[in-house]
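A look at the structure
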Amino acid sequence: MTRPAEGHDPQPLFELIEVEKVYMVRRPGSVFSTAKVGLPALDGVRLKIRKGASVAIVGESGSGKSTLLRVLLGLTRPTEGRALYQGRPIDEVRAEGREFARQVAMVYQDARGSLNPRMTIGALIAEPLRHFAICPETDLPARVKALLARVGLPAEVADRYPSALSGGQVRRVAIARALASEPTVLVADEAVSGLDVSTQAQLLNLLRRLQREMALTLVFITHDLGVASYLCEDIAIMYLGRIVETGPTNAVLNAPAHPYARALRRAAPEFFAPITEPLPGEIPSPLDLPPGCRFSGRCDRVQPDCHLSDPALLRFGGPAANRAAACFYPLTESPTAPQKRDIHA
Ligand SMILES: Nc1ncnc2c1ncn2[C@@H]1O[C@H](COP(=O)(O)OP(=O)(O)OP(=O)(O)O)[C@@H](O)[C@H]1O
Ligand SMILES: [Mg+2]
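Named according to an unreviewed UniProt entry, the protein is ABC transporter ATP-binding protein originating from Cereibacter changlensis JA139. Looking at the Subcellular location (unreviewed entry) heading of the UniProt record, one finds this comment for the protein: "Cell inner membrane".

As structure tokens, this is what we get:
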């Protein structure tokens, strides 16, 4: 499960401790100047992911979801804070050899862009099989076929190039490639968004089965709360570079503690019900964060002191509830002691 970093859990698989990631970008409006400013894509992120967990990372565009995954994969080093895999710095583990890359597979947000257009689908799926020496050379064609079948694609797709596949087929190839290395962790960035419902259901069922049968740890970015609740036991909701609420998915979605989590929940379409309360306003730029709580400008429960400091992600409801929220005025009825205003997260 996801947990905020305090507590005495057994060693998690992944642990992020006060992770900050700042990208240096051109100052907005400075067309002729090369002056750069720091854009805080992640700020004070604390997260624990245990082995076998399934975690949905949810939040609006630009909230830092992909950056968080890049940190988990060791592709980006935090500017501040620590990112650990089995207690050791992720970038160090990654640099040691292939084993981390074999165990932790990634399905990229841009599935088509992640596939070499000059290689056939068969060659693309055979590549990780060969790279990680998963099977003898003679078994490669059968393995490729089995992986294609696993994601619901016919064997003849192996001879085609990515440009000859539909968007949905390309996403399935990306998943087949990720599964080829027989990973223990699958990190997926919008792996099923934009697919037709039957393909999406097939892939979600495949991932759910793998997660249950093989104790695959799943970290799954999605905009779709329905997908999050179907696939992931736990959820982490991000807003402007911070995790604002974590906990068991169904508990969080049924009774959100953070006003942003509730707003997302209310903005999600449901059968036979109009969306009466769309999320107000636009997400601010990370280059222009509001003072205090970064959700304060859009929050329907904002109080004057919300503009004074940024609330920390604190547990509430006791250890069994396994929930945490970053809000001075959470919606749940029995939060632990109110947050101290002097805590700067
Ligand atoms: N390589 C980069 N250089 C500079 N800024 C970046 C870079 N990558 C991301 N950003 C910025 O960091 C912030 C977080 O980006 P990120 O891609 O992590 O968001 P996201 O939650 O994945 O969004 P989306 O849902 O649109 O994929 C954004 O403001 C983005 O513009
Ligand atoms: Mg993204």
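**Some remarks on the confidence of the model for the protein**
Counting all residues, the mean pLDDT for the protein is 88, and 90% of those residues have values of 70 or more. Looking over the protein, one finds the lowest element-wise mean pLDDT in strand 1 (residues 2–3), namely 50, and the highest in strand 5 (residues 80–85), namely 97. Every residue in residues 334–338 is under pLDDT 50, and counting partners more than four places away or in other chains gives six contacts. Scored below 50 in pLDDT, residues 340–345 makes 14 contacts in the model with residues more than four places away or belonging to other chains.

**Remarks on the coordination of the magnesium ion (ligand 2)**
The coordination sphere of the magnesium ion (ligand 2) contains the protein donors Ser66 (OG) and Gln109 (OE1), at a distance range of 2.0 to 2.5 Å. Placement of Ser66 in helix 1 (residues 65–72) and of Gln109 in the loop between strand 7 (104–107) and helix 4 (121–131) is noted, with a sequence separation of 43 residues between them. Note on Ser66: relative accessible area 26%, which makes it partly exposed.

**A look at the side chain of Arg294**
Within the secondary structure layout, Arg294 lies in the loop between helix 10 (259–267) and strand 12 (314–316). A polar side-chain atom of Arg294 sits 3.1 Å from a polar atom in the side chain of Asp310. Apart from residues no more than four positions distant in its own chain, Arg294 is found in contact with Asp43, Tyr239, Leu240, Arg242, Leu289 and Asp310.

**As for the sheet that holds strand 11 (residues 242–248)**
Strand order in the open sheet formed by eight strands is 7-8-9-4-10-11-13-12, with mixed pairing between adjacent strands. Each of the sheet's edge strands pairs with one partner strand only, and the pair in question is strand 7 and strand 12. When the angles between neighbouring strand axes are averaged without regard to direction, this sheet yields 20 degrees. Both strand 7 and strand 8 (residues 185–189) contribute to a ladder of four bridges, which runs parallel. Note that in strand 8 the partner of Met106 across the bridge is Val187. Docked against the sheet, helix 1 engages strand 4 (54–58), strand 7, strand 8, strand 9 (217–221) and strand 10 (234–239), running at close to 150 degrees with respect to strand 9. In this fold helix 10 packs onto strand 4, strand 10 and strand 11, with an angle of close to 105 degrees to the strand it touches most, strand 10.

**A word on the site of ligand 1**
Inspection of the region around ligand 1 gives 15 residues, with Ser61, Gly62, Lys65, Ser66 and Thr67 positioned closest. Between ligand 1 and the protein, one listed contact pairs an oxygen atom with a backbone N or O atom of Gly64 at 3.1 Å. Of all the secondary structure elements, the ones that give two or more residues to the shell around ligand 1 are strand 2 (14–26), strand 3 (36–49) and helix 1. Of all the elements, helix 1 adds the most residues to the shell around ligand 1, at three residues. Here the residues of the shell around ligand 1 are counted per class, giving five nonpolar, eight polar and two charged.

Rules behind the numbers
Residues numbered from 1 in each chain as written. Chains lettered and ligands numbered in written order. Predicted model: local features only at pLDDT ≥ 70, side-chain atom pairs only at ≥ 80, totals over all residues. Heavy atoms only, no water. UniProt positions renumbered as here; feature names shortened; annotations may be inferred. pLDDT = per-residue confidence, 0-100. Helix = DSSP H or I, 4+ residues; strand = E, 2+ residues; numbered from the N terminus. Contact = heavy atoms within 4.5 Å. Donors = N, O, S within 2.8 Å, 3.2 Å for Na, K, Ca; no water. Buried < 20%, exposed > 50% of the residue type's maximum accessible area, 1.4 Å probe, protein only. Polar contact = N/O pair within 3.5 Å; in protein donor to acceptor, adjacent residues only side chain to side chain. Pairing = 2+ DSSP bridges. Axes fitted to C-alpha atoms, helices over the stretch in contact; angles between N-to-C directions. Near = heavy atom within 4 Å. Nonpolar A, V, L, I, M, F, W, Y, C, P; charged D, E, K, R; others polar.

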